[in-house]
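Summary of the model geometry
Listed below, chain by chain, are the residues.
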Amino acid sequence: MSATARGRKDLPPITREIDLSPDQRKDVKRSVMGAMAGNAIEWFDYGIYGYLTGYLSSHIFGDTENATLWTLFGFAVSFLIRPIGGAVLGPLGDRIGRQKVLVFTILMISLST
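Attention here is on the structure that accompanies the text. The structure presented is a predicted model; accordingly, all values stated were derived computationally and were not measured. (Residues numbered from 1 in each chain as written. Predicted model: local features only at pLDDT ≥ 70, side-chain atom pairs only at ≥ 80, totals over all residues. Heavy atoms only, no water.)

What about the overall build of the protein?
When you go through the protein residue by residue, the secondary structure sums to four helices and zero strands. Sequence-ordered secondary structure for the protein, helices as α and strands as β, is α-α-α-α. Among the 113 residues that make up the protein, the fraction classed as buried is 12%. The contacts of the protein with a sequence gap of at least 6 include a subset with a gap of at least 24, amounting to 48%. Total accessible area computed for the protein in this model is approximately 9,200 Å², and 66% of it derives from carbon and sulfur atoms. (Helix = DSSP H or I, 4+ residues; strand = E, 2+ residues; numbered from the N terminus. Buried < 20%, exposed > 50% of the residue type's maximum accessible area, 1.4 Å probe, protein only. Contact = heavy atoms within 4.5 Å. Areas by Shrake-Rupley, 256 points an atom, 1.4 Å probe, with all protein chains shown as cover.)

In structure tokens, the structure reads:
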């Protein structure tokens, strides 16, 4: 079904790899690799935090009965903030450039870690 058949004329055509010039292919590969690197760093941070939950709960909150709960609450906050970050940083990336926003996001993740 074409874009006009769906009633939306403003949709761009679907781009296939064969439609791209060599320079555009290079840019797409760079973008994908950058996104993969950012995603890997983010999930590495989540994995380290989850792995160290027991250690963090005893050393940050002491031997209280809710230490693990508070540590996991901090873990949950990061998942709650992600959609807000997407809603704020997504449109910002459209305006100032996705690479700048990606670098900013990776820096913020690294600093918070």
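Some points on the packing of helix α3 (residues 67-96) against helix α4 (residues 98-112)
Pairs of packed helices are described in terms of their axes, by the angle between the two and the distance that separates them. Running from N to C, α3 and α4 cross one another at 135 degrees; their axes reach a closest spacing of 7 Å. Between α3 and α4, the crossing angle belongs to the class labelled oblique. Taken together, the residues of α4 that come into contact with α3 (itself represented by Leu89, Leu92, Gly93, Asp94 and Ile96) are Arg98, Lys100, Val101, Phe104 and Thr105. (Axes fitted to C-alpha atoms, helices over the stretch in contact; angles between N-to-C directions. Parallel < 35°, antiparallel > 145°, perpendicular 65-115°, else oblique.)

Comments concerning the packing of helix α1 (residues 22-51) against α3
Contact geometry of α1 with α3 gives a least axis separation of 10 Å together with a crossing angle of 160 degrees. The angle between α1 and α3 falls in the class roughly antiparallel. As α1 runs across α3, the sense of the crossing is left-handed. Contact with α1, carried on its side by Glu42, Trp43, Tyr46, Tyr49 and Gly50, involves Thr71, Gly74, Phe75, Ser78, Phe79 and Arg82 of α3 and no other residues of that element. In the contact of α1 with α3, the residues fall into five nonpolar, four polar and two charged. (Left-handed = near helix turned anticlockwise from the far one by under 90°. Nonpolar A, V, L, I, M, F, W, Y, C, P; charged D, E, K, R; others polar.)

A look at the environment of Thr68
Tracing the sequence through the fold places Thr68 in helix α3. Separated by 12 residues in sequence, Thr68 and Leu56 place their C-alpha atoms 8.3 Å apart. Contacts of Thr68, omitting those with residues within four sequence positions, involve Thr53 and Ser57.

Observations concerning α1
Because an α-helix packs 3.6 residues into every turn, residues spaced three or four apart end up facing the same way. Counted at 1.5 Å a residue, the expected span for α1 with its 30 residues is 44 Å, and the 43 Å between its end C-alpha atoms agrees. For α1, the complete set of buried residues consists of Gly38, Glu42, Asp45 and Tyr46. In the core, the buried residues of α1 are packed alongside α3 and α4. (Expected span 1.5 Å × (residues − 1).)

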